[in-house]
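# Structural overview for review
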Amino acid sequence: MIFDTVVYGNVTLFDLFKVIAILIVAVVIARVITINLRRGLKDKLDKDHLVIITKVVYYGIIVIAVLAVLPMFGVSLSGLLVAGGIAGLVIGIASQSVVGNLIAGLFLMIERPMKIGQAVNIAGTAGVVEDIRVISTTLRTFEGLYVRMPNEKVFTTDITNYVEYVARRLEYVVGIRYSDDADKAIGIIQKLHEEHLLTLISPTPDIFVDNLGDNAVNIIVRIWVPTTEWYGIKKELLWKIKTALEDQGIEIAFPQCTVWFANELRSGEGAVTDPSDSQLP
Amino acid sequence: MFGCYDIPFELEKEGIALSLEKEGKGLVYRSACAGARLEKILLAETGKVFINPIEPLNKPKELTSNLLIEFEKTLLIEPEATRNIFITYPIEIGVLISTKTAVEVLDIFTLVRQKLTLYGDPRSGAICKYWMSNVYSSVPSINPLHEGIIELSITNTTKEWVTVTKAIFNAYGMKIYYRDDLVAMKASMKIMHGNIAETDFVDAPLEPGMKKSLELYTVGKIAVTTPKFIMEAGL
């Protein structure tokens, strides 16, 4: 039969057809899997990462198929496996951190603790997420610096996402004098909140005397605002509170010390009133 | 005040002063409302100006598409019943210039107090424009430059009495109709559970003869998602 015709070594024409058929099936399977992967992950991953993942899967299947058909050409896989094992060991040791970052990057993409464009703080570095790549994550700090962080570090450290939730609370401590009326001060701050266009009615603001400090009666002001407006309102509101309180005769206290003398200071004749008038050397 | 104006025009009402005048080869738009002034130069010679009540989600800032109306008095609706009520909502006035091919927003202003609130919790809730309204059984008398009316049809599909304290609407679905003395919309609330309801708008005037407002977010280029709002964090 024609299929028994030897083409090369012990490889017959039938073996050749089998190899071609296996490779064609592998290509079809790889395509089906990558198409489904692309559809399934379209909404979960960005385009760049999706391309990388589908390519890895596609070529992975092809490589497995090629390895499977190699014995049909008389190529011994045991030799390849030994050589591949040694090479793999060397490459593995050399690229340990790269693989770690790659896996961490994949987990970050699945867990999604942050999205591109969000303001975050990663390991003490605050900024806006510029990109989340397979190996690294890049931030643009608020000072305008480019910061690249390996994904392994990002994945294993604390991430604070400032904008994940729609509302955020701002907090001030306003210290007023002991002689001032705290209830009146609370009323003034409450009115400022009510008149402000962007502070939230609900959750209800919390404004109360928190403690009686060394130099002041400390009023805590906790107001919820839309997350996108948090920084602007935080900058604006404290000074408004200060000026509104002062307009109503309530002053912000500052550290001071009252000194009581055991013997009352002499006043009038002979008293030292101005250092320039002093007879002291 | 609401309606279509030919260029040039000038009008003044209730502290609102608007004008669009020819200056040189262009047009100058000027407005003054509640202490705020605006001046824009338009490189155009023709067009029409529409002054319409628009979806009330642009002031103080475009932060949300949701309008939360809290009822001054709590409502209790009987099982498997549909009842109609009338509530008010804040008016925002849009000044739009139109040519044969396009409509553009010139200005937006409001005469009423603006405030925001959070519906739900900070994690999964929604920022909403806030308004408090009395509940009426018939069309109340209102100033159309300050307040509009929503005829709200509430359907309780459950077999229990349900308490309703608020309604939240997605402003993208609003269908506003107006005439000189009335601005109104028709909306529905379908209570599906003691704590869950869906709100939507009906594209129909409250009374015959009312004109339909230009919808700001369809004349613009912002994509519209669903016009409904699902109230999942309590009624």
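A quick note: this is a predicted structure, and the numbers were derived from the prediction, not measured. (Residues numbered from 1 in each chain as written. Chains lettered and ligands numbered in written order. Predicted model: local features only at pLDDT ≥ 70, side-chain atom pairs only at ≥ 80, totals over all residues. Heavy atoms only, no water.)

Here we take up the overall build of chain A. Across its full length, chain A carries seven helices and ten strands. Of all 281 residues assigned to chain A, the portion counted as buried reaches 31%. Within chain A, contacts between residues at least 6 apart in sequence are counted, and of these 60% link residues at least 24 apart. Only carbon and sulfur atoms are counted for the fraction: they give 62% of the accessible area of chain A, which is about 18300 Å². With 25 positive and 30 negative side-chain charges, chain A shows a separation of 14 Å between the mean positions of the two kinds. (Helix = DSSP H or I, 4+ residues; strand = E, 2+ residues; numbered from the N terminus. Buried < 20%, exposed > 50% of the residue type's maximum accessible area, 1.4 Å probe, protein only. Contact = heavy atoms within 4.5 Å. Areas by Shrake-Rupley, 256 points an atom, 1.4 Å probe, with all protein chains shown as cover. Lys, Arg positive; Asp, Glu negative; His and termini not counted. Charge placed at Lys NZ, Arg CZ, Asp CG, Glu CD.)

Residue and element names in this part refer to chain A. One open sheet accounts for five strands, arranged β6-β5-β4-β3-β7; its pairing is antiparallel. One side of each edge strand has no neighbouring strand; the edge strands of this open sheet are β6 (146-150) and β7 (159-161). Shown here is a sheet whose adjacent strand axes are inclined to one another by a mean of 40 degrees, direction ignored. Here strand β5 (residues 136-141) pairs with β6 via five bridges, running antiparallel. The partner of arginine 140 across the bridge, within β6, is tyrosine 146. (Pairing = 2+ DSSP bridges. Axes fitted to C-alpha atoms, helices over the stretch in contact; angles between N-to-C directions.)

It is worth spelling out the sheet that holds strand β10 (residues 217-226) of chain A at this point. Residues and elements named next belong to chain A. Ordered in space as β8-β10-β9, the three strands form an open sheet in which the pairing is antiparallel. Unpaired on one side and paired on the other, β8 (167-176) and β9 (206-212) mark the two borders of the sheet. Each adjacent strand pair in this sheet contributes to an overall mean axis angle of 25 degrees, direction not counted. Alignment of β8 against β10, held across ten bridges, turns out to be antiparallel. Bridged to arginine 168 within β10 is valine 225. Against the sheet, helix α7 (residues 230-247) makes contact with β8 and β10, and its axis sits at roughly 25 degrees relative to β8, the strand it touches most.

Here we come to the domain arrangement of chain A. For chain A, the assigned domains are domain 1 (2-94), domain 2 (113-161) and domain 3 (167-247). The centre of domain 1 of chain A, based on its C-alpha atoms, is set 36 Å off from the matching centre of domain 2 of chain A. (Domains from an automatic or database assignment.)

Attention shifts here to the packing of aromatic side chains. Summed over the entire model, instances satisfying the criterion amount to six aromatic pairs over all chains. Ring centres 5.7 Å apart and planes at 65 degrees place the aromatic pair B:Phe2 and B:Tyr178 in the edge-to-face group. Pair noted here: B:Phe2 is in the segment before β1 (3-6) and B:Tyr178 is in strand β15 (residues 177-179), with a separation of 176 residues, a long-range link. In this structure, A:Arg168 packs its charged tip against the face of A:Trp230, placed 3.6 Å from the ring centre. (Phe/Tyr/Trp six-rings, centres within 6.5 Å; stacked < 30°, edge-to-face > 60°. Lys NZ or Arg CZ within 6 Å of the ring centre and 35° of its normal.)

All names here are of chain B. Looking at the element boundaries, glutamate 78 is found in the loop between β7 (66-77) and β8 (81-90). By relative accessible area, glutamate 78 is classed as partly exposed at 31%. The sequence separation of glutamate 78 and proline 140 amounts to 62 residues, and the corresponding C-alpha distance is 24 Å. Sequence-distant contacts of glutamate 78, that is, excluding residues within four places in its chain, are made with Arg83, Asn156, Glu160 and Trp161. Side-chain polar atoms of glutamate 78 contact the side chain of arginine 83, separated by 2.4 Å. (Polar contact = N/O pair within 3.5 Å; in protein donor to acceptor, adjacent residues only side chain to side chain.)

Another aspect to go through is the nonpolar core. Among soluble globular proteins, nonpolar side chains are generally buried collectively. Counting residues in each nonpolar core, the largest one holds 58 residues, and the members touching the most others are B:Leu18, B:Ile51, B:Leu152 and B:Phe169. Here this core takes six residues from β7(B), the largest share from any one element. Leave out the neighbours within four places in its chain, and B:Leu152 touches B:Phe71, B:Arg83, B:Asn84, B:Ile85, B:Ile87, B:Ala167, B:Phe169, B:Ala187, B:Ser188 and B:Met189. Counting 29 residues, the second largest nonpolar core, distinct from the first, contains A:Ile186, A:Val221, A:Leu237 and A:Leu245. (Core = buried A, V, L, I, M, F, W, Y, C linked by side-chain atoms within 4.5 Å.)

Residues and elements named next belong to chain A. The terminal C-alpha atoms of α7 lie 26 Å apart, and with 18 residues this matches the ideal 26 Å at 1.5 Å per residue to within 8%. For α7, the full list of buried residues reads Trp230, Ile233, Leu237, Ile241, Ala244 and Leu245. Summarising the contacts, the buried residues of α7 are in contact with β8, α6 (182-195) and β10. Once α7 ends, the next one or two residues include glycine 249, with phi positive near 80 degrees. (Expected span 1.5 Å × (residues − 1).)

Facing 17 residues of chain A, the contacting portion of chain B comprises 14 residues. Taken together, the two surfaces of chain A and chain B that pack against each other cover about 1400 Å², and 66% of this comes from carbon and sulfur. The largest share of the area that chain A buries against chain B comes from A:Val166, A:Leu197 and A:Ile201, three residues that together contribute 39% of it. For B:Lys61, the salt bridge is made with A:Glu229, and the minimal N-O distance between the two is 2.7 Å. Taken together, the links from chain A to chain B amount to nine residue pairs in polar contact (both at pLDDT 80 or more). (Buried area = accessible area lost by both parts, 1.4 Å probe. Salt bridge = Lys/Arg side-chain N within 4 Å of Asp/Glu carboxyl O.)

Glancing now at the pairing of strand β10 (residues 103-109) of chain B. In the case of a regular strand, side chains alternate between the two sheet surfaces. Residue and element names in this part refer to chain B. With six bridges connecting them, strand β9 (residues 92-98) and β10 associate as antiparallel partners. Bridging across to β10, isoleucine 93 finds its partner in phenylalanine 109. Following β9, the chain reverses through four residues before pairing antiparallel with β10.

Here the focus is the side chain of A:Ser136. Tracing the backbone shows A:Ser136 in strand β5. The contacts of A:Ser136, once residues within four sequence positions are left out, are A:Asp131, A:Arg148, A:Met149, A:Pro150 and A:Asn151.

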